[in-house]
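# Remarks on the overall topology
Each chain is listed here by its residues.
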Amino acid sequence: MGISEENGRAGAWRVTVRAHGRKAGLPPESAARPAGRPLARRQDLRVHGTPGKISCVDDSGRTRWTAHCSGVPNAAHISGGRVLVTTDSLAYTPWGNLGPALLLDLADGSRIAELRGARGAALGGGRFVLGLEGYDVFDTWAYDRDGTLYDSWRSYGHYVVGTGVRVVETDRNIPTGSRVVRLLPGGAVERGPALADPQAPEPLVLADGTILVLDAGVLRAVGRRLEDEVLAELAPIDPEDAWRHHGALHRSGDEITVTITERHPDRPGEHTHRTWTVTLRPGG
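Residues numbered from 1 in each chain as written. Predicted model: local features only at pLDDT ≥ 70, side-chain atom pairs only at ≥ 80, totals over all residues. Heavy atoms only, no water.

## Observations regarding the side chain of histidine 158
Here histidine 158 shows up in strand β16 (residues 157-161). A relative accessible area of 6% places histidine 158 in the buried class. In terms of polar contacts, histidine 158 uses its side chain to reach the backbone carbonyl oxygen of alanine 200, at 2.9 Å. (Helix = DSSP H or I, 4+ residues; strand = E, 2+ residues; numbered from the N terminus. Buried < 20%, exposed > 50% of the residue type's maximum accessible area, 1.4 Å probe, protein only. Polar contact = N/O pair within 3.5 Å; in protein donor to acceptor, adjacent residues only side chain to side chain.)

## Examining the pairing of strand β11 (residues 111-115)
Note: strand β10 (residues 101-105) against β11, four bridges, orientation antiparallel. Each residue of the ladder has a partner; that of leucine 103, found in β11, is alanine 113. The antiparallel hairpin formed by β10 and β11 contains five residues in its connecting segment, where glycine 109 sits at a positive phi of about 80 degrees. (Pairing = 2+ DSSP bridges.)

## Quick notes on the pairing of strand β6 (residues 63-68)
In this sheet, β6 lies alongside strand β5 (residues 53-58) in antiparallel orientation, the contact comprising five bridges. Bridging from a neighbouring strand, cysteine 56 pairs with tryptophan 65 of β6. Counting the residues between successive antiparallel strands, the hairpin from β5 to β6 contains four residues, one of them, glycine 61, with a positive phi of roughly 95 degrees.

## Side note on the packing of aromatic side chains
In the structure shown here, the tally under the stated rule is three aromatic pairs. With 6.4 Å between their ring centres and 70 degrees between their planes, phenylalanine 138 and tyrosine 156 make a pair best called edge-to-face. Of this pair, phenylalanine 138 sits in strand β14 (residues 137-143) while tyrosine 156 sits in the loop between β15 (149-153) and β16, and the two are 18 residues apart along the sequence. This pair shows no difference in class: phenylalanine 138 is buried, exactly as tyrosine 156 is. Between the aromatic rings of tyrosine 156 and tyrosine 159, the centroid separation amounts to 6.4 Å while the plane-to-plane angle is 85 degrees, which identifies the pairing as edge-to-face. Residue tyrosine 156 is classed as buried on the basis of its relative accessible area, which comes to 6%. Clustering of aromatic rings is evident, with ring pairs tying together Phe138, Tyr156 and Tyr159. (Phe/Tyr/Trp six-rings, centres within 6.5 Å; stacked < 30°, edge-to-face > 60°.)

## Things to note about the environment of alanine 248
Relative to the helices and strands, alanine 248 resides in strand β24 (residues 245-252). Accessibility expressed as a relative area gives 17% for alanine 248, which makes it buried. Measuring from C-alpha to C-alpha, the distance between alanine 248 and glutamate 202 comes to 7.1 Å, with 46 residues separating the pair along the chain. Leave out the neighbours within four places in its chain, and alanine 248 touches Pro201, Leu214, Thr257, Val258 and Thr259. (Contact = heavy atoms within 4.5 Å.)

## Topic: the environment of glutamate 262
Summarising the element assignment, glutamate 262 is placed in strand β25 (residues 255-263). As a C-alpha pair, glutamate 262 and arginine 274 span twelve residues in sequence and 8.2 Å in three-dimensional space. Leaving out residues up to four positions away in the same chain, glutamate 262 has contacts with Arg244, His245, Glu270, His271 and Thr272. Polar contacts involving the side chain of glutamate 262 include one to the side chain of arginine 244, which spans 3.1 Å.

## Quick look at the sheet that holds β15
One open sheet holds the four strands; their spatial order is β12-β13-β14-β15, and the pairing between them is antiparallel. The open sheet has two free edges, formed respectively by β12 (119-122) and β15, since each of these has just one partner strand. Adjacent strand axes in the sheet meet at a mean angle of 20 degrees when their direction is disregarded. Taken together, the four bridges between β14 and β15 define a ladder with antiparallel strand orientation. Looking at the pairing, tyrosine 143 lines up with leucine 149 of β15. (Axes fitted to C-alpha atoms, helices over the stretch in contact; angles between N-to-C directions.)

This is the structure:
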């Protein structure tokens, strides 16, 4: 998904680890979106998704429009009178559960274009980036408000959008070639710090635009100029074992909860969950 950023430098933050827990449990499940929570919101409009249907509802509760789709909407991004909706397929395909990505007119829900991609982010003026990984595809494409392709990059991951686009790459390869990068005009990619985790979880963006990355059990800060700093070595993970670990970052007020779930190497049904509660403060 796309995340907004402001200005920031990596060295502006310091971490205090306040609590640490460990327990055994069942495999993690994908967090279900709470009932009624929209996929995206812009001013008085909310975009919702249910299997086979995308709808736009205003603050009065009136449905402005409904558009049908062949999958299950999982994310939406709004920009300049357009909405980009990514979906999961109702049936298994050569691309797994990847469904079409739909570019719609926010005014009436009419379909502008049907695209292909798993993650997207909104740029300005009705423009979007959309990316996909797998089968030698590791790409991000930029589309204008008419669904016309105008730029592309050999990069894919979690998008952080601000004055430019940074990507926390997720290539799913061991050893990984993933980095935190910046997408530049004309398909150029500015390479930032290398990552150890081929599937880093969705990052958090701090108030000054610093990206907080959980990288193979290490909490890292990456600034707008791609400078990086290690904030806390919580539970460093051997990159060869990264496939057995699933991380997550959650923010609540001033606290950040870091979760790492480890799959047992010999007993796939057994998992260990480790959590840390950390606080951030401005550094020098």
